[in-house]
Amino acid sequence: MKLLVTGAAGFIGSNFVRLVLDTDPTVQVTVLDALRYSGNLSTMADFLPRIRFVRGEIQDRGLVDQVLREYHVTHLVNFAAESHNDRSLLDNSSFVQTNTLGVQVLLEAARKHGLERILHVSTDEVYGSIADGEFTEESPLKPNTPYSASKAGGDLLCRSHWVSFQTPVIVTRGGNTYGPYHYPEKLIPFFMVRLLSGKRVPLYGEGLQVREWIHVKDHASGIWTALNKGEPGQVYNVGDVNERQNREVVDFLLSQLGLDSTYVKKIPDPRQGAHDARYSMNASKLQALGWRPSTGFEDGLEDTVKWYCDNEEWWRPIVQNESYKAFVRAFYGRSLGDDL
Ligand code: TYD
């Protein structure tokens, strides 16, 4: 297999490449990544010598074309995305550029070069929020933020390219993912780096929203299963059974670090009406292909806490970066005040 992985300098993509290289050393991996703010070469340091790296955007038609031709790519997995809901509330144009238009470029290139498979990595957030029960792959798409709408746009393009051109495309929709190398802007890594810096953490409202958590290794193995065993034209949910309220997750982090609830600052919900109350997916379609998640939530979270404690040299340069600080100031400045 000659595999192009786009967005592999990010969180899930880098963990996926690690899994592929460990699982099947015969796979030739090329990475295309723009190294935008959340993509770092340091995230790929351990496997960089074993892959080919090309820096660039997935929206760059000429470059994508050249990479597919030059390296005789047979399979493509797309992780390249703008993925942070809160940033999409500040400015969402880059979300549509990458998550929707970028996918269109990859689909056209896959068609032109006759790829054997293209797998597009998406999210449960395209379904919107669910009060009871679980989303299946047949559930309607009702995205509530510009981020999730831009992802839904990519998913729909995938569907249309299968129906119209029989491009062998598979879509996976993952749950909230946690684990090592997670850029510190999402709930778990953001709170970890703040707590390890002695700072309070901003919990939106009362922290009653429910997220379904999956360890990044399980998410990566789900994508690998779908790539190898999935049917073209199909969508697969990649979810685990770990539903937790945000406040439960935060309490767990505090207890692991031996801290008390004075480290939590409840702030007015910045997402307001766009804050999805609950995500929950049925993953039996992927399980029917033989996939099973293997990391219990508390064990996985304990390991993740330890990883952030042990890998300050990875996250410290990120949080000291001026653009990172500017985002935190812009988004949390008013609500965190002196705690910023
Ligand atoms: P996040 O990790 O941003 O993922 P998503 O929005 O894709 O689910 O947020 C997870 C939950 O944590 C979500 O309900 C919002 C909440 N949250 C906070 O309470 N405080 C924060 O600073 C962040 C980033 C998230």
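Residues numbered from 1 in each chain as written. Predicted model: local features only at pLDDT ≥ 70, side-chain atom pairs only at ≥ 80, totals over all residues. Heavy atoms only, no water.

Caption draft 1: Broad picture of the packing of helix H1 (residues 11-23) against helix H7 (residues 216-229). The N-to-C vectors of H1 and H7 enclose an angle of 65°; their axes lie 9 Å apart at closest approach. It follows from the interaxial angle that H1 and H7 lie roughly perpendicular. Between H1 and H7 the crossing geometry is right-handed. For the pair formed by H1 and H7, the contact residues are Phe11, Ile12, Asn15, Phe16, Leu19, Val20 and Thr23 on the first element and Val216, Lys217, His219, Ala220, Ser221, Ile223 and Trp224 on the second. By residue class, the composition of the contact of H1 with H7 is 9 nonpolar, 4 polar and 1 charged. (Axes fitted to C-alpha atoms, helices over the stretch in contact; angles between N-to-C directions. Helix = DSSP H or I, 4+ residues; strand = E, 2+ residues; numbered from the N terminus. Parallel < 35°, antiparallel > 145°, perpendicular 65-115°, else oblique. Left-handed = near helix turned anticlockwise from the far one by under 90°. Contact = heavy atoms within 4.5 Å. Nonpolar A, V, L, I, M, F, W, Y, C, P; charged D, E, K, R; others polar.)

Caption draft 2: Spotlight on the environment of Glu138. Looking at the element boundaries, Glu138 is found in the loop between strand E5 (117-123) and helix H5 (146-165). Overall, Glu138 belongs to the exposed group, its relative accessible area being 68%. When the C-alpha atoms of Glu138 and Tyr127 are compared, they prove to be 9.7 Å apart, with 11 residues separating the residues in sequence. (Buried < 20%, exposed > 50% of the residue type's maximum accessible area, 1.4 Å probe, protein only.)

Caption draft 3: View of the pattern of salt bridges. Going through the model one piece at a time under the given rule, you end up with 17 salt bridges. Arg18 is the partner of Asp46 in a salt bridge, and the nearest nitrogen-oxygen pair spans 2.8 Å. Taken as a pair, Asp46 in the loop between strand E2 (28-33) and strand E3 (52-55) and Arg18 in helix H1 lie far apart in primary sequence, 28 residues in all. Where Glu82 meets Arg36, a salt bridge forms, and the shortest distance between an N and an O atom there is 2.4 Å. With Glu82 in the loop between strand E4 (75-78) and helix H3 (85-90) and Arg36 in the loop between E2 and E3, the pair connects residues that are 46 residues apart, well separated along the chain. You can call Glu82 buried: its relative accessible area is 8%. Here the salt bridges do not stand alone but share partners, grouping Arg36, Glu57 and Glu82 into one network. (Salt bridge = Lys/Arg side-chain N within 4 Å of Asp/Glu carboxyl O.)

Caption draft 4: Structural detail: the pairing of strand E11 (residues 242-245). Every second residue of E11 is oriented toward a common face, the buried set being Asn242 and Arg244 and the non-buried set Glu243 and Gln245. One ladder, built from 4 bridges, connects strand E9 (residues 210-215) with E11; its direction is antiparallel. Bridging across to E11, Val210 finds its partner in Gln245. (Pairing = 2+ DSSP bridges.)

These results come straight from atomic positions and should not be treated as a statement about function.
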